[in-house]
Amino acid sequence: MNLIYQYWDGELRSGVEASRKNIAEYAARIGAEHRFEHNPRYFAKSLGAESKYYGAFRPIHDNEFDQYDNVLFLDSDIFAVEDLQENVFDAFSLESEIGMCTEPFQPKQRTITLGQITSARDEKWAKIIKQIWDADLPRTEEGLLQVYNSGVVLYSREARIKARERFVDFKEYIQKMKSSGMINFYALDQNYLHAMIFICDMKLQEMHNGWNSYIHYTRDRNNPNKRVNDCRTSETKLVHAQGAGLDRLDEEALYRVVNLPESEWKI
């Protein structure tokens, strides 16, 4: 039995509701259960403000999820392309424990970005992980640190139990990042999971990027004006609509963003 899990802490925006509806329909097509929770605040007592990020790890720590063979966690800005029939769980190898997609655009982009998430900060973060937990993080062919996106994460039952037993305590990780002078981004769920996979020697499957084709805004030294970076291809299956403000669009507008070229978005 397979489950797709989503949650949202905070005001229930139109884009979040559109994602919930879209993914529920996709789950029904592939015979999976779908569970969406609004304001679960599962780790609120222990983590406070950070709980809205670390809630992504509820399927690991809540043994209610142990009934499922596999759990797919999806951010609430993920959408299946129109009438997607391909079953994401069929793409998950039986030998794997965790499935994630890389962000192929990011490693090079972080060398020239005008934002705060830079390759220099990535390198400092990786050095901290090595010094404290003696784990080496994977790199691209160009020698840059690989980036994994936590908006689409597939867990086997065995992986969830193993992670529950072995993953470093959230508070410990967050405290180590902050005391090391890292900006908040590196103390949140995406980098935490990235680090834990290699600290705890989890069996990672790098899934086809069509399962997490992201759309977001970007600026860099070569393109200082904000522009859309659209990673969709003919093989895109799930679209990660990360652009600021996209979560406030209505269902029809988000349908265009997910399924049509940018020139036809009309937003």
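The structure we're discussing is the one just above.
Residues numbered from 1 in each chain as written. Predicted model: local features only at pLDDT ≥ 70, side-chain atom pairs only at ≥ 80, totals over all residues. Heavy atoms only, no water.

*Asks:* Where do I start with empty space enclosed by the protein in this structure?
*Replies:* Over the atoms rolls a probe the size of a water molecule, and its path tells where empty space is left. For the structure on display, the rule yields one cavity of 30 Å³ or more. What the largest cavity holds in volume is close to 80 Å³. What lines the largest cavity is Arg110, Asp122, Trp125, Leu145, Gln146, Val147, Tyr148, Phe185, Gln190, Asn191 and His194. Of all elements in the fold, only helix H6 (119-133) and helix H9 (189-199) reach the threshold of two or more residues within the lining of the largest cavity. Looking at the lining of the largest cavity, the element that brings in the most residues is H9, giving three residues. Here the lining of the largest cavity is composed, by residue class, of five nonpolar, four polar and two charged. (1 Å grid on protein atoms, 1.4 Å probe; cavity = no way out; pocket = protein on both sides within 12 Å on 5 of 7 lines; lining within 4 Å. Points joined across faces, edges and corners; volume = space filled by probe spheres on them. Helix = DSSP H or I, 4+ residues; strand = E, 2+ residues; numbered from the N terminus. Nonpolar A, V, L, I, M, F, W, Y, C, P; charged D, E, K, R; others polar.)

*Asks:* How do you make sense of the layout of surface pockets when you look at a structure like this?
*Replies:* Here the largest pocket is characterised by a volume of approximately 1,500 Å³. Tyr53, Asp77, Phe185, His240 and Gln242 are, among the 43 residues lining the largest pocket, the residues nearest its centre. Those elements that provide at least two residues to the lining of the largest pocket are strand E1 (2-8), helix H3 (51-54), helix H5 (106-109), strand E6 (148-156), H9, strand E8 (213-218) and strand E10 (238-241). A per-element tally of the lining of the largest pocket places E8 first, with four residues. Considering only residue class, the lining of the largest pocket consists of 15 nonpolar, 17 polar and 11 charged. Reported here for the second largest pocket is a volume of approximately 240 Å³. In terms of lining residues, the second largest pocket is bounded by 15 residues, among which Asn22, Glu25, Ala80, Glu251 and Tyr255 are the most central. Elements represented by at least two residues in the lining of the second largest pocket include exactly helix H1 (14-30), strand E4 (78-80) and helix H10 (251-259). The residue makeup of the lining of the second largest pocket, split by class, is seven nonpolar, two polar and six charged.

*Asks:* Mind showing me how you'd approach the pattern of salt bridges here?
*Replies:* Pairs may arise between side chains of opposite charge once their charged atoms sit close together. Taken as a whole, this structure holds 19 salt bridges when the rule is applied. Across the pair arginine 58 and glutamate 37 runs a salt bridge whose closest N-O atoms are separated by 2.9 Å. Of this pair, arginine 58 sits in helix H4 (residues 58-61) while glutamate 37 sits in strand E2 (residues 33-38), and the two are 21 residues apart along the sequence. Residue classification places arginine 58 among the buried residues on the basis of a relative accessible area of 11%. Here aspartate 134 ties to lysine 130 by a salt bridge, and the two come within 3.0 Å at their closest N and O atoms. Overall, the relative accessible area of 56% leaves aspartate 134 in the exposed class. Put simply, Arg35, Glu37, Arg58, Asp62 and Glu64 are held in one network by salt bridges that share partners. (Salt bridge = Lys/Arg side-chain N within 4 Å of Asp/Glu carboxyl O. Buried < 20%, exposed > 50% of the residue type's maximum accessible area, 1.4 Å probe, protein only.)

*Asks:* What is the right way to look at H10 in this model?
*Replies:* Since there are 3.6 residues in each turn of an α-helix, residues three or four apart along the chain are aligned in direction. Considered for burial, the residues of H10 that qualify are Ala253, Leu254, Val257 and Val258. Looking straight down H10, one finds its buried side chains confined to an arc of 135°; they lie on one side. Buried positions along H10 lie against H1, E4, E8 and E10. Residue aspartate 250 occupies the N-cap position of H10, its side-chain oxygen lying 3.3 Å from the main-chain nitrogen of glutamate 252. (Arc of directions from axis to C-beta. Contact = heavy atoms within 4.5 Å. Polar contact = N/O pair within 3.5 Å; in protein donor to acceptor, adjacent residues only side chain to side chain.)

*Asks:* Is there a simple way to think about the packing of aromatic side chains in this case?
*Replies:* Two measures describe an aromatic ring pair: the distance that separates the ring centres and the angle between the ring planes. Per the counting criterion, the structure on display carries 18 aromatic pairs. Considering the side-chain rings of tryptophan 133 and tyrosine 173, the 6.1 Å spacing of their centres and the 25° angle between planes classify their relative orientation as stacked. You can see tryptophan 133 sitting in helix H6 and its partner tyrosine 173 sitting in helix H8 (residues 170-179), a full 40 residues away along the chain. Judged by relative accessible area, tryptophan 133 falls into the buried class, the value being 16%. (Phe/Tyr/Trp six-rings, centres within 6.5 Å; stacked < 30°, edge-to-face > 60°.)

*Asks:* Just to check I follow, could you spell out the packing of H6 against H9 for this structure?
*Replies:* If you want to describe how two helices pack, look at the angle between their axes and the distance between the axes. Running from N to C, H6 and H9 point in directions that differ by 40°, and their axes come no closer than 11 Å. What the angle tells us is that H6 and H9 run oblique. For the pair H6 and H9, the crossing hand works out as right-handed. Taking contact as the criterion, the partners of Trp125, Ile129 and Trp133 in H6 are, on H9, Asn191, His194, Ala195 and Ile199. Taken together, the residues of the contact of H6 with H9 sort by class into five nonpolar, two polar and no charged. (Axes fitted to C-alpha atoms, helices over the stretch in contact; angles between N-to-C directions. Parallel < 35°, antiparallel > 145°, perpendicular 65-115°, else oblique. Left-handed = near helix turned anticlockwise from the far one by under 90°.)

*Asks:* What is the right way to look at the sheet that holds E6 in this model?
*Replies:* The strands making up a sheet are joined through hydrogen bonds of the backbone, oriented either antiparallel or parallel. Strand order in this open sheet of six strands is E2-E1-E3-E6-E5-E7, and the pairing throughout is mixed. Strand pairing shows two members of the sheet lacking a second neighbour, E2 and strand E7 (204-206), which therefore form its edges. On average, each strand axis in the sheet is inclined to that of its neighbour by 25°, with strand direction left out of account. With three bridges connecting them, strand E5 (residues 98-102) and E7 associate as parallel partners. Pairing of isoleucine 98 across the sheet is with leucine 204, part of E7. Contacting E1, E2 and strand E3 (70-74), H1 runs over the sheet at an angle of about 175° to E1. Strands in contact with H9 are E5, E6 and E7; relative to E6, the strand with the most contacts, it is inclined by about 50°. (Pairing = 2+ DSSP bridges.)

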